[in-house]
2 protein chains.
Amino acid sequence: MDLSTLQIPVQKTTDSQLANVDFSNLPFGKVNTDHMFICTFKDGSWQDPKVVPYQAISLDPSAKVFHYGQTIFEGMKAYKDSKGGVWLFRPEENQKRLNISAKRLAIPEVPKDIFMEGLKTLVETDHEWIPRTEGSSLYIRPFIFASGRGFHASPADEYTFIIACSPSGSYFAGKVGVRIEETYSRAANGGVGYAKAGGNYAGQFYPTQLAVADGYQQVIWTDDNAHEYIEEAGAMNIFVRIGDTLLTSPTSDRILDGVTRKSILKLAEAENIPTEVRKISVQELLEAQKNGALKEMFGSGTAAVISPISSFGYKGQRYELPQLEESYAAHFKKRITDIQYNRAEDPFDWRYPVK
Amino acid sequence: MDLSTLQIPVQKTTDSQLANVDFSNLPFGKVNTDHMFICTFKDGSWQDPKVVPYQAISLDPSAKVFHYGQTIFEGMKAYKDSKGGVWLFRPEENQKRLNISAKRLAIPEVPKDIFMEGLKTLVETDHEWIPRTEGSSLYIRPFIFASGRGFHASPADEYTFIIACSPSGSYFAGKVGVRIEETYSRAANGGVGYAKAGGNYAGQFYPTQLAVADGYQQVIWTDDNAHEYIEEAGAMNIFVRIGDTLLTSPTSDRILDGVTRKSILKLAEAENIPTEVRKISVQELLEAQKNGALKEMFGSGTAAVISPISSFGYKGQRYELPQLEESYAAHFKKRITDIQYNRAEDPFDWRYPVK
């Protein structure tokens, strides 16, 4: 395959569902576009990349994804500007991270041009599905799963790489309260926490259900050893503002290297907003809350964008956070979405044109 | 559904593959029988349990198993005795553990009679597939995965429970060398290590590949905090014999409660073989190896049965284990398989008749 001239064939649907979608009332990640990108790994290489009508996948019951959770994904978005231009945001970061996840999960890495050309061809094909309502976008889900067969607990010999898209509204409906976890854990030292591995998410569902039952939306995960330091929220990295300093935990083998997270750090640095990337103890958070230095907390992620946290819970007590007039959350949300939707200068070349 | 009289309908295949299988040369987990059991969770309940011809599964690309690894499984075997009697081994332990896994992975628990009647009906239907060659058996794989749709990182609203079977030979071909892990980890405190969750296995593949590249077959996982204590081998629990004492690590939220493991402990207790269920440090293992007290190590599990370990590696050095004339591994393997194949008394009622 000549990588420099990779052309992705497109088989168009004859049964578009576009007219049936209510774009004024979009849920998150439930509506699919007309097409998907698909590529298969077999006989030792990724082959036959193509865009096809969105369709069901047929798998043998012994496909390893069903048994060993050998699956990874990425989350991205496409944005349409007021002139109809279509943009992605730092897609090469997702491409790189997908392969970082692939390596840790013993999944064959995807060549960069298959990822990038597949992505662009799909978004171009389905560009009419990109919402133009404020706060909505086309959520893009690249994922790879083990489609090879067998009950032996070892890596599969076949994999399927799909990119699917979903016009989506907000990830969270309403205020976001988080509970700082004291019992359960998301990731082990030396584990797969830094990868976007499927199993990282399944393991969070039950503890999150317990938090939801107590009136929270998400769990803030802590180290599994002593639950002493805050790490991430599973669907978001976590930022804390103490005084005027913006803090976030360093990435590690337990914490995802979020694209929104590092974009915020870069913007803050350029604006001379003081940042500290270091371990944040629960104790420090509680003390800052008590003495009034804790100004705000927010989560960051592609799906969640920047989500202000209205309260946090710890050891059965709920702590409300102040409602700031000029919050860092609102500031960075505006700065990032202005770049994403082509409403502002793009000093770091993060915007990536599709058409 | 009246649980006491649950009848599982059977739709028989018209295209049996039985005659095409070479039973004298069976791999592990690659050949499927003619039928499978399937049951679906939707609208809040498990429904429509049935045995059908083995067939492909069709899923929407947004099915949550592909994205969030929300999947669990069990491993069991069926045995045929010399008179044609068909037996399972402690199947209710697997039924209970499947639901323990389900709870932790936010998957709806399966009613006991659906599991047991589905299992028995399937094994009866495919009983001609049970190998009669020594060392072979019918491997049985119950598994549940999230078939509900959506890219939101939350539990699915639909699940599929399948039981599939595979006539299988040995899990390991040849000697089993293990490497004691110093870098990677299998499970976190407060994580899902005690569950048979898919993601636990995918996370082991890469470190296991590294061990295989160095000439080992499996990794012995250690605590993620300091890699100080041995835990389990991912596909097996681990036993160590020091002097005449048989040691194994206690189960915890990081270690699977293996059915073979607890059967060995019960048999050892009944025979007055001294056992200790306690944390085993790598240091203790090395010292016992050095002073000659380390007599043997073996793994236990449904797939692996009892697998003697011939050597272990640690910090780049390989330690050979003695070849005992009268090993505990050989002793317990004979005792357990004699019960499984109905060649000996069954003092604890572990054998479970199918037909």
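These numbers were taken from a predicted model, which means no experiment stands behind them.

A closer look at the layout of surface pockets
Residue and element names in this part refer to chain A.
Phase 1: Approximately 710 Å³ is the volume attributed to the largest pocket.
Phase 2: As for the largest pocket, its lining consists of 44 residues, of which A304, I306, S307, P308 and K333 are closest to the centre.
Phase 3: Those elements giving two or more residues to the lining of the largest pocket turn out to be β5 (76-80), β6 (86-89), α5 (259-270), β16 (294-301), β17 (305-314) and α7 (328-340).
Phase 4: No other element matches the six residues that β17 contributes to the lining of the largest pocket.
Phase 5: Looking at the lining of the largest pocket, its residues break down into 22 nonpolar, 16 polar and six charged.
Phase 6: In this structure, the lining of the largest pocket is formed jointly by two domains, domain 1 (3-168) and domain 2 (176-340), each of which donates at least three residues.
Phase 7: Size it by volume and the second largest pocket reaches roughly 550 Å³.
Phase 8: Mapped onto the lining of the second largest pocket, the elements with two or more residues apiece are α4 (198-213) and β10 (218-220).

Structural notes on the relation of the copies chain A and chain B
Phase 1: For the pair chain A and chain B, the superposition axis carries a translation of 0.0 Å, the fit reaches an RMSD of 0.0 Å, and the rotation angle comes to 180°. Seen this way, the second copy is the image of the first under a two-fold rotation axis.
Phase 2: Most of the interface of chain A is mirrored in chain B: 100% of its interface residues are interface residues there too.

A short note on the pattern of salt bridges
All names here are of chain B.
Phase 1: Taken as a whole and assessed by the stated rule, the structure comprises 42 salt bridges over all chains.
Phase 2: One salt bridge in this structure joins D244 and R241, with 2.9 Å as the shortest N-O distance.
Phase 3: In this structure D244 comes out as partly exposed when scored by relative accessible area, which is 47%.
Phase 4: By relative accessible area, which is 8% here, R241 ends up buried.
Phase 5: A salt bridge links R278 to E284, with the shortest nitrogen-to-oxygen separation between them at 2.7 Å.
Phase 6: By relative accessible area, which is 23% here, E284 ends up partly exposed.

Comments concerning helix α6 (residues 282-290) of chain B
Since the α-helix advances by 3.6 residues per turn, residues separated by three or four positions end up pointing in the same direction.
Residues and elements named next belong to chain B.
Phase 1: Listing the buried residues of α6 in full gives V282, L285, L286 and A288. Angular distribution of buried residues about the axis of α6 spans 165°; they occupy a single face of the element.
Phase 2: Looking one or two residues past α6, G292 carries a phi angle of roughly 85°, positive in sign.

A short note on the pairing of strand β13 (residues 245-248) of chain B
Residues and elements named next belong to chain B.
Phase 1: The alternating pattern of β13 places T245 and L247 on one face and L246 and T248 on the opposite face, and all of these are buried.
Phase 2: Sheet topology places strand β12 (residues 237-242) next to β13; four bridges connect them, and they run antiparallel. Its bridge partner being in β13, I242 is matched across the sheet by T245.
Phase 3: In terms of strand pairing, β13 meets strand β14 (residues 275-277) through three bridges, oriented parallel. In the sheet register, L246 faces β14, and the bridge partner there is T275.
Phase 4: Once the chain exits β13 it traverses helix α5 (residues 259-270) before rejoining the sheet at β14, and the crossover so formed is right-handed.

Observations regarding the packing of α5(B) against helix α7 (residues 328-340) of chain B
Residues and elements named next belong to chain B.
Phase 1: Running from N to C, α5 and α7 cross one another at 105°; their axes reach a closest spacing of 11 Å. The angle between α5 and α7 places the two elements in the roughly perpendicular class. Residues T260, S263, I264, L267 and A268 of α5 touch α7, and the partners they reach there are F332, R335, I336 and I339.
Phase 2: Residue composition of the contact of α5 with α7, grouped by class: six nonpolar, two polar and one charged.

Description of the pairing of strand β7 (residues 137-146) of chain A
Residues and elements named next belong to chain A.
Phase 1: Taking burial as the measure, the 10 residues of β7 include 10 buried ones, the bulk of the element.
Phase 2: The pairing of strand β4 (residues 71-73) with β7 spans three bridges and is antiparallel. What sits directly across from F73, in β7, is F143.
Phase 3: Pairing analysis gives three bridges linking β5 to β7, with the strands arranged antiparallel. Opposite K77, over in β7, you have Y139 as the bridge partner.
Phase 4: Both β7 and strand β8 (residues 159-168) contribute to a ladder of 10 bridges, which runs antiparallel. Across the sheet, residue F145 finds its bridge partner in β8, namely T160.

Regarding the domain arrangement of chain A
Residue and element names in this part refer to chain A.
Phase 1: For chain A, the assigned domains read domain 1 (3-168) and domain 2 (176-340).
Phase 2: Here the C-alpha centroids of domain 1 and domain 2 sit 27 Å apart.
Phase 3: In terms of surface lost to domain 2, no three residues of domain 1 exceed F89, R97 and R104, which account for 34% of the buried area on that side.
Phase 4: Where domain 1 touches domain 2, the interface holds one salt bridge.
Phase 5: Across the pair E93 and K262 runs a salt bridge, and its minimum N-O distance is 2.8 Å.
Phase 6: The interface formed by domain 1 and domain 2 holds 11 residue pairs in polar contact (both at pLDDT 80 or more) in total.
Phase 7: Of all the secondary-structure elements, those providing two or more residues to the side of domain 1 that touches domain 2 are β4, β5, β6 and α2 (91-104).
Phase 8: Looking at the side of domain 1 that touches domain 2, the element that brings in the most residues is α2, giving six residues.
Phase 9: Of the residues contributing to the side of domain 1 that touches domain 2, the split by class is 10 nonpolar, four polar and six charged.

A closer look at the interface of chain A and chain B
Phase 1: Listed by partner, the interface residues are 60 residues for chain A and 60 residues for chain B.
Phase 2: Surface buried jointly by chain A and chain B totals about 5200 Å² across both partners, of which 60% is contributed by carbon and sulfur atoms.
Phase 3: Summed over the three residues of chain A that lose the most area to chain B, namely F66(A), F151(A) and F205(A), the buried surface amounts to 15% of that side.
Phase 4: Summed over the shared surface of chain A and chain B, the result is zero salt bridges.
Phase 5: Inspection of the chain A/chain B interface yields 29 residue pairs in polar contact (both at pLDDT 80 or more).
Phase 6: Looking at the side of chain A that touches chain B, the elements that each hand over two or more residues are β3 (57-59), α1 (65-68), β4, α2, β7, β8 and α4 of chain A.

Regarding the environment of G313(B)
Phase 1: Within the secondary structure layout, G313(B) lies in strand β17 (residues 305-314).
Phase 2: Sequence separation between G313(B) and A211(B) is 102 residues; the distance between their C-alpha atoms is 9.2 Å.

Comments concerning the side chain of D338(B)
Residue and element names in this part refer to chain B.
Phase 1: Its place among the elements puts D338 in helix α7.
Phase 2: D338 gets classed as buried once you look at its relative accessible area, which sits at 12%.
Phase 3: At 2.6 Å, the side chain of D338 forms a polar contact with the side chain of K334.
Phase 4: When residues no more than four places from it in sequence are discounted, the contact partners of D338 are R343, A344 and R351.

Parameters at a glance
- Residues numbered from 1 in each chain as written.
- Chains lettered and ligands numbered in written order.
- Predicted model: local features only at pLDDT ≥ 70, side-chain atom pairs only at ≥ 80, totals over all residues.
- Heavy atoms only, no water.
- 1 Å grid on protein atoms, 1.4 Å probe; cavity = no way out; pocket = protein on both sides within 12 Å on 5 of 7 lines; lining within 4 Å.
- Points joined across faces, edges and corners; volume = space filled by probe spheres on them.
- Helix = DSSP H or I, 4+ residues; strand = E, 2+ residues; numbered from the N terminus.
- Nonpolar A, V, L, I, M, F, W, Y, C, P; charged D, E, K, R; others polar.
- Domains from an automatic or database assignment.
- Least-squares fit on C-alpha atoms with pLDDT ≥ 70 in both.
- Contact = heavy atoms within 4.5 Å.
- Salt bridge = Lys/Arg side-chain N within 4 Å of Asp/Glu carboxyl O.
- Buried < 20%, exposed > 50% of the residue type's maximum accessible area, 1.4 Å probe, protein only.
- Arc of directions from axis to C-beta.
- Pairing = 2+ DSSP bridges.
- Right-handed = clockwise from strand over helix to strand, strands pointing away.
- Axes fitted to C-alpha atoms, helices over the stretch in contact; angles between N-to-C directions.
- Parallel < 35°, antiparallel > 145°, perpendicular 65-115°, else oblique.
- Buried area = accessible area lost by both parts, 1.4 Å probe.
- Polar contact = N/O pair within 3.5 Å; in protein donor to acceptor, adjacent residues only side chain to side chain.

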